[in-house]
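Structure assessment
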Amino acid sequence: MDKKNVITSFVKNRPESLGAYGYGSGVFRQSGYGIKDDPQIDLIFLVEDLKDWHLENMRVNKDDYSLLGKLYVNVSSLKRLKGRNRITYYSQIYENGYRFKYGVMEEEDFLSFLDSWDNFFIAGRFQKPVLQIKGTEKEEEAIKKNKRQALLVAALMSPAKLSKVDFYKILCSLSYNGTLRMYVAENPHKVDNIVTGSYDRLNELYDLDVDFIKELDNDMIEIDHMMAIRHIKELPIGLLKYLYENNCDFLNIISIREGINNYLSIHNKIEEINQTIDSIKTNGIVRSAPYLLAKVKKRVMGK
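In this text, all values refer to a predicted model and were calculated from it rather than measured experimentally.

Calculation rules
- Residues numbered from 1 in each chain as written.
- Predicted model: local features only at pLDDT ≥ 70, side-chain atom pairs only at ≥ 80, totals over all residues.
- Heavy atoms only, no water.
- Pairing = 2+ DSSP bridges.
- Helix = DSSP H or I, 4+ residues; strand = E, 2+ residues; numbered from the N terminus.
- Axes fitted to C-alpha atoms, helices over the stretch in contact; angles between N-to-C directions.
- Contact = heavy atoms within 4.5 Å.
- Parallel < 35°, antiparallel > 145°, perpendicular 65-115°, else oblique.
- Left-handed = near helix turned anticlockwise from the far one by under 90°.
- Nonpolar A, V, L, I, M, F, W, Y, C, P; charged D, E, K, R; others polar.
- Buried < 20%, exposed > 50% of the residue type's maximum accessible area, 1.4 Å probe, protein only.

Quick look at the sheet that holds strand β4 (residues 98-106)
If you trace the 5 strands from one edge of the open sheet to the other, you get β3-β4-β2-β1-β5, paired in mixed fashion. Looking at the sheet topology across the chains shown, the edges are occupied by β3 (87-95) and β5 (130-134). Averaged over all adjacent pairs, the angle separating strand axes in this sheet is 25 degrees, with direction ignored. Of the strand pairs in this sheet, β3 and β4 are connected by 7 bridges, and their pairing is antiparallel. By the bridge assignment for β4, Y94 is matched with R99. Here helix α7 (residues 137-157) sits on the sheet and contacts β1 (19-23), β2 (41-47) and β5; the angle it forms with β1, its principal contact strand, is near 40 degrees.

Some remarks on the packing of helix α5 (residues 107-116) against α7
In contact at an axis separation of 9 Å, α5 and α7 are set at 20 degrees when each is read in the N-to-C sense. Accordingly, the angle class assigned to the pair α5 and α7 is roughly parallel. In terms of crossing hand, the pair formed by α5 and α7 is left-handed. Where α5 abuts α7, its residues E107, F110, L111, L114 and D115 lie against K138, E139, A142, I143, K145, N146 and Q149. Residue composition of the contact of α5 with α7, by class: 5 nonpolar, 2 polar and 5 charged.

Section: the packing of helix α2 (residues 50-60) against helix α3 (residues 67-75)
Remark: α2 packs on α3, axes separated minimally by 10 Å, with the N-to-C direction vectors making an angle of 135 degrees. Our classification of the angle between α2 and α3 gives oblique. Between α2 and α3 lies a crossing of left-handed hand. Every residue of α3 that contacts α2 at K51, H54, L55 and M58 is listed here: K70, V73, N74 and V75. Class assignment of the residues belonging to the contact of α2 with α3 gives a composition of 4 nonpolar, 2 polar and 2 charged.

Description of the pairing of β2
Burial analysis of β2 places 7 of its 7 residues in the buried class, which makes it a mostly covered element. Here β2 shows two buried faces, one formed by I41, L43, F45 and V47 and the other by D42, I44 and L46. Inspection of the sheet shows β1 paired to β2 by 5 bridges, in the antiparallel sense. Along β2, the bridge assignment pairs A20 with F45. Relative to β4, β2 is paired through 7 bridges, and the arrangement is parallel. Directly across from I41, in β4, lies its bridge partner F100.

Here's what the structure looks like:
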């Protein structure tokens, strides 16, 4: 069965959602995987009311939840259920011979985070290729704006001249900056594999026809940093506020890079830890352990 049909079937078997998106190596095959490798399929559901969605899903898909997960949904307030990153993840779910992990998030929080980058956990994922199963106009516009912001940030972080491949590596690495998983529980070639496996998709996703990027021959590009700095007010408000509060020199590209790097490192590290803690609450140790071990195996095997 075609992977999109597999995911569409899974989505249809869950309660109604406003948006549903697939991402990661289980949706878009990355370099480093063999023909027999079958990575899990990662999904994000965007819903109107998080707790109502889970209560309905527990009624029709009770096996999606561990015993701890069921208890946690039932007794938790909406704020507590959302967790620190406002998304609940469930893993080790098997359906039609495939293994799934999905997160559920209220659309309102999704739109806010993609616009502001106050939380980068979800914004970073939507800077890479995603497979839209369903979505709203508001979601599509937020995703487009998030990519425009990522393009500007990547340009500010890049040298004056580089290949498109290296530029996309900088862009795709934004969400890994400062994370512990890149040192402990993730394939060290993760970003390289994403870009190599999705190079054509990245070309489709990102329009490089902007005034601060010039495309050259042999898939090389040239960055006009002074022109990019003129667009500084278009940065996400959360990042821009951080730069102002930390006395960034907006005429100095080195100062801007240091500020962006610090902002992303702080957010990525905290949000990664928060999500690990929250996932144990919703999945329990029994379901969480195989996922974490699989990440460590990827690092050891280089996949």
